[in-house]
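Examination of the molecular architecture
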Amino acid sequence: MLPAIVWLDRRMHRLTRGRYGLPDLGGLPNLMLTVPGRKSGRPRSTPLLCVPHQGRFLIAGSNWGQPREPMWVGNLEAAGAGELRFKGRTSRFTARPLTGADRAAAWQTMNATWPNYAKYEQRTQRPIKVFELTPTP
């Protein structure tokens, strides 16, 4: 079912020119993340749930609590920057992986927006990586 959800979400983003994604139907913030593939160098776009926070965006490599982290995590770690589309507006960004107290604080903020993050964490043995995306002018 998960691939179908991602497919539908990508379709909605494409049809609405990035103004709406599937999570919007539930009132949840989301963005389209585009980073170069770490092997191919080609742009790879992924719709993600996000948490706008203090002019930045928090995202998690939860993959719905699956055993493997999503491919975009490795691409983002390799690139450190990319492009995001939020509510139809596109901007460049730099990414910072969050660890320690920064990650813990972000995780609390993210769980306040989407409590299922805690369920995802319980389902998997791996640590779920959290990133802060800072739009650049």
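As shown above, the structure is provided for reference.
Okay, so let's go over this structure. Counting restarts for each chain, with residues numbered from 1 along the sequence as it is written. Only residues with pLDDT of 70 or above have their local features reported here, since the model is predicted, and side-chain atom pairs are shown and tallied only from 80 upward, although totals for entire chains, interfaces and linings are computed over all residues. Hydrogens and water molecules were not included; the side-chain quantities draw on all heavy atoms of the structure.

**Quick word on the packing of aromatic side chains**
Ring geometry is summarised as follows: Phe, Tyr and Trp rings, the Trp one being its six-membered ring, pair when their centres sit within 6.5 Å, and such pairs are stacked at plane angles under 30 degrees, edge-to-face over 60 and tilted between the two. Using the criterion set out here, one finds 4 aromatic pairs in the structure. The rings of W107, Y117 and Y120 are connected pair by pair, giving a single aromatic cluster. Whether a charge lies above a ring is judged from NZ of Lys or CZ of Arg, which has to be within 6 Å of the ring centre and within 35 degrees of the ring normal. The ring of W107 carries the charged tip of R103 above its face, separated from the ring centre by 4.5 Å.

**Notes on the pairing of strand β7 (residues 130-136)**
DSSP calls a pair of strands paired once it identifies at least 2 bridges connecting them. Secondary structure elements follow DSSP: runs of H or I no shorter than four residues count as helices, runs of E no shorter than two count as strands, and numbering proceeds from the N terminus. With 4 bridges connecting them, strand β4 (residues 56-60) and β7 associate as antiparallel partners. Paired with A60 across the strands is V130, a residue of β7. Where strand β6 (residues 89-98) lies against β7, 7 bridges are found, and the strand directions are antiparallel. If you follow R92 over to β7, its bridge partner there is T136.

**A word on the environment of A60**
Examined against the element boundaries, A60 turns out to sit in strand β4. The class for A60 is buried, based on a relative accessible area of 8%. Distance from A60 to A105, taken between C-alpha atoms, is 13 Å for residues 45 residues apart in sequence. Two residues form a contact once any of their heavy atoms are found within 4.5 Å. In this structure, A60 is in contact with W72, W107, M110, Y117, I128, K129 and V130, ignoring residues within four places of it in sequence. Partly exposed describes any residue whose relative accessible area lies between the buried limit of under 20% and the exposed limit of over 50%, with all areas from a 1.4 Å probe on protein chains only and scaled to the type maximum.

**Comments concerning the packing of helix α3 (residues 100-113) against helix α4 (residues 116-123)**
Running from amino to carboxyl end, α3 crosses α4 at an angle of 120 degrees, the nearest separation of the two axes being 8 Å. Between α3 and α4, the angle is such that the two are oblique. Here α3 contributes R103, W107, M110 and N111 to the contact with α4, which in turn contributes Y117, A118 and E121. In the scheme used here, Gly and all other residues not listed as nonpolar or charged are polar, with Ala, Val, Leu, Ile, Met, Phe, Trp, Tyr, Cys and Pro taken as nonpolar and Asp, Glu, Lys and Arg as charged. The residue inventory of the contact of α3 with α4, partitioned by class, reads 4 nonpolar, 1 polar and 2 charged. Note on geometry: axes are lines fitted to C-alpha atoms, helical ones only across the stretch in contact, with angles between N-to-C directions running from 0 to 180 degrees. Here the angle decides the label: under 35 degrees means roughly parallel, over 145 means roughly antiparallel, 65 to 115 means roughly perpendicular, and every other value means oblique.

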